[in-house]
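Each chain, written out:
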Amino acid sequence: MSALLDRLVAAQKADQAAARNVPLGCLAQLLRAFGGKEAAAGAGRGAAAAVPRLVEQLTARELEILVLLAAGTPNPRIAEDLVVSLDTVKKHVSHLLGKLGAAYCTEAVTRARQLGLIP
């Protein structure tokens, strides 16, 4: 299931017609549910994924946003998909950057992949 969801996220990123009507927020929630580490950590809205090399663990919402960032989703689209304000998304991204020790979103995504947080 995780591999299928990864393919859907990639199709969304490539703007392929088959995946156009699938909200990325929904895909992120499903990925989190089937993602092993996130599911094992009890991925409720406030739950954190336990990654030993992180000083401060990511929340479930931060992981959800991280998946969307990895798919190349712009902040306004993330806000729309997750039904939150743009400022809320920016705050989550800011927390992600700090927790992952990154200066940019691409660096945060690379670090998250190295830590096994996202595929």
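See the structure shown above.
The rules we used
Residues numbered from 1 in each chain as written. Predicted model: local features only at pLDDT ≥ 70, side-chain atom pairs only at ≥ 80, totals over all residues. Heavy atoms only, no water. Helix = DSSP H or I, 4+ residues; strand = E, 2+ residues; numbered from the N terminus. Buried < 20%, exposed > 50% of the residue type's maximum accessible area, 1.4 Å probe, protein only. Contact = heavy atoms within 4.5 Å. Areas by Shrake-Rupley, 256 points an atom, 1.4 Å probe, with all protein chains shown as cover. Axes fitted to C-alpha atoms, helices over the stretch in contact; angles between N-to-C directions. Parallel < 35°, antiparallel > 145°, perpendicular 65-115°, else oblique. Left-handed = near helix turned anticlockwise from the far one by under 90°. Polar contact = N/O pair within 3.5 Å; in protein donor to acceptor, adjacent residues only side chain to side chain. Nonpolar A, V, L, I, M, F, W, Y, C, P; charged D, E, K, R; others polar. Salt bridge = Lys/Arg side-chain N within 4 Å of Asp/Glu carboxyl O.

A. Spatial organisation of the overall build of the protein. Counting secondary structure elements, the protein contains seven helices and two strands. Reading the protein from its N end, one meets helices and strands in the order α-α-α-β-β-α-α-α-α. Buried positions account for 40% of the 119 residues belonging to the protein. Taking contacts inside the protein between residues at least 6 apart in sequence as the whole, the part at least 24 apart equals 51%. Working note: accessible area of the protein is about 6,400 Å², and carbon and sulfur atoms make up 57% of it.

B. Molecular detail of the environment of Asn 75. Relative to the helices and strands, Asn 75 resides in helix H5 (residues 75–82). Looking at Asn 75, the relative accessible area reads 22%, which means it is partly exposed. Once the C-alpha coordinates of Asn 75 and Ser 85 are considered, the two residues, 10 residues apart in sequence, prove to be 9.7 Å apart. Setting aside its immediate chain neighbours within four residues, Asn 75 contacts Leu 69, Leu 86, Val 89, Lys 90 and Val 93.

C. Geometry of the packing of helix H6 (residues 86–100) against helix H7 (residues 105–114). Following both chains from N to C, one finds H6 and H7 inclined at 55°, their axes separated by 10 Å at the closest point. Classified by the angle between their axes, H6 and H7 sit oblique to one another. Along this stretch, H6 crosses H7, giving a crossing that reads as left-handed. Of the residues in H7, those in contact with Val 93, Leu 97 and Leu 100 of H6 are Cys 105, Ala 108, Arg 111 and Ala 112.

D. How the structure looks around the side chain of Glu 62. Within the secondary structure layout, Glu 62 lies in helix H4 (residues 60–70). Within the local environment of Glu 62, its side chain forms a polar contact with the backbone nitrogen of Thr 59, the two atoms lying 2.8 Å apart. Every residue in contact with Glu 62, bar those within four places of it in the chain, is listed here: Gln 57, His 92, His 95, Leu 96 and Lys 99.

E. View of the packing of H4 against H5. Remark: H4 packs on H5, axes separated minimally by 10 Å, with the N-to-C direction vectors making an angle of 130°. Taken together, the axes of H4 and H5 are oblique relative to one another. Crossing geometry of H4 relative to H5 is assigned as right-handed. Contact residues: Arg 61, Glu 64, Ile 65, Leu 68 and Leu 69 in H4; Asn 75, Ile 78 and Leu 82 in H5. For the contact of H4 with H5, the per-class residue count stands at five nonpolar, one polar and two charged.

F. Local environment of the pattern of salt bridges. What the rule picks out here adds up to four salt bridges. A salt bridge links Glu 62 to Lys 99; the shortest N-O distance between them is 2.7 Å. Here Lys 99 lies in helix H6 and Glu 62 lies in helix H4, a separation of 37 residues in the sequence. For the pair shown, Glu 62 and Lys 99 are each scored as buried. If you follow the salt bridges from partner to partner, you end up with Glu 56, Glu 62 and Lys 99 in one network.

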